[in-house]
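Structural features, examined
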Amino acid sequence: MRSLNLDQLRAFVEVVAHGNFTAAAKELNLSQPAVTHQIQELERRLNVTLVERLGKRAYLTEAGEKLIKHARSLLDEDSRTRSDMRRFADGWLGRVRIGTSMTVLMYLLPSLLRKLKTDHPQLEISLWRC
């Protein structure tokens, strides 16, 4: 079995969320045949039927119900990974080291650091006394 394809999983999740291929295609900015092809390829790849097509509606099979949980989890993880990597690509590394005297540390920095941490909660701040 070949590895999973995130674009196919994304199409699958959208079909399930919208209940039909046309609305999923609109959400993904794809044609309806392209979404159908993605789902068919995913079904071929996994060798199972994931979606029952009844008229214009799409319903999950038992295999589809099992996959949807995994698909959402994988897509959430993909989103978090892209977000984390985007910070590096944009030059934001998330770490600040500040060297300061004890007087500045005690009297001036607390309010500034509190504001900085509030505005940027993921920021790692290290203080060094000079």
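Thresholds, definitions, all that
- Residues numbered from 1 in each chain as written.
- Predicted model: local features only at pLDDT ≥ 70, side-chain atom pairs only at ≥ 80, totals over all residues.
- Heavy atoms only, no water.
- Helix = DSSP H or I, 4+ residues; strand = E, 2+ residues; numbered from the N terminus.
- Rg over C-alpha atoms; globule rule 2.2 N^0.38 Å.
- Salt bridge = Lys/Arg side-chain N within 4 Å of Asp/Glu carboxyl O.
- Axes fitted to C-alpha atoms, helices over the stretch in contact; angles between N-to-C directions.
- Parallel < 35°, antiparallel > 145°, perpendicular 65-115°, else oblique.
- Left-handed = near helix turned anticlockwise from the far one by under 90°.
- Contact = heavy atoms within 4.5 Å.
- Nonpolar A, V, L, I, M, F, W, Y, C, P; charged D, E, K, R; others polar.
- Patch = residues over 30% accessible without salt bridge, like charges linked within 9 Å, V, L, I, M, F, W, Y side chains within 5 Å.
- Areas by Shrake-Rupley, 256 points an atom, 1.4 Å probe, with all protein chains shown as cover.
- Expected span 1.5 Å × (residues − 1).
- Buried < 20%, exposed > 50% of the residue type's maximum accessible area, 1.4 Å probe, protein only.

Examining the overall build of the chain
- For the chain, the count of helices and strands is six helices and four strands.
- In the chain, the succession of α and β elements from N to C terminus is α-α-α-β-β-α-β-α-α-β.
- The C-alpha atoms of the chain give a radius of gyration of 24 Å, which is well past the 14 Å a tight globule of 130 residues would have.
- A principal-axis box enclosing the C-alpha atoms of the chain has dimensions of 75 × 30 × 25 Å.

As for the pattern of salt bridges
- The full count for this structure, using the stated rule, is seven salt bridges.
- Overlapping salt bridges, with partners in common, bring together D7, R10, D78 and R82 in one network.

Observations concerning the packing of helix 1 (residues 6-18) against helix 3 (residues 32-46)
- Packing of helix 1 against helix 3 leaves a shortest axis separation of 9 Å and a crossing angle of 115 degrees. Considering the angle they form, helix 1 stands roughly perpendicular to helix 3. For the element pair helix 1 and helix 3, the recorded crossing hand is left-handed. Packed against helix 1, whose contacting residues are D7, Q8, L9, A11, F12 and V15, the element helix 3 presents V35, Q38, I39, E41, L42 and R45 at the interface.
- Its residues assigned to classes, the contact of helix 1 with helix 3 comprises seven nonpolar, two polar and three charged.

Focus: a nonpolar patch on the surface
- Among the surface-exposed residues, M102, M106, Y107 and L108 lie close enough to one another that they form a single nonpolar patch of about 460 Å² accessible area.
- Here L108 lies in the loop between helix 5 (102-107) and helix 6 (109-119).

Some thoughts on helix 3
- The terminal C-alpha atoms of helix 3, which comprises 15 residues, lie 21 Å apart, in line with the 21 Å expected from a rise of 1.5 Å per residue.
- All of the buried residues in helix 3 are V35, T36, Q38, I39, L42, E43, R45 and L46.
- Buried residues along helix 3 sit against helix 1, helix 2 (21-28), strand 1 (51-54) and helix 4 (62-89).
- Two residues or fewer after helix 3 comes N47, characterised by a positive phi angle close to 60 degrees.

Shape is all these values report; function is a separate question.
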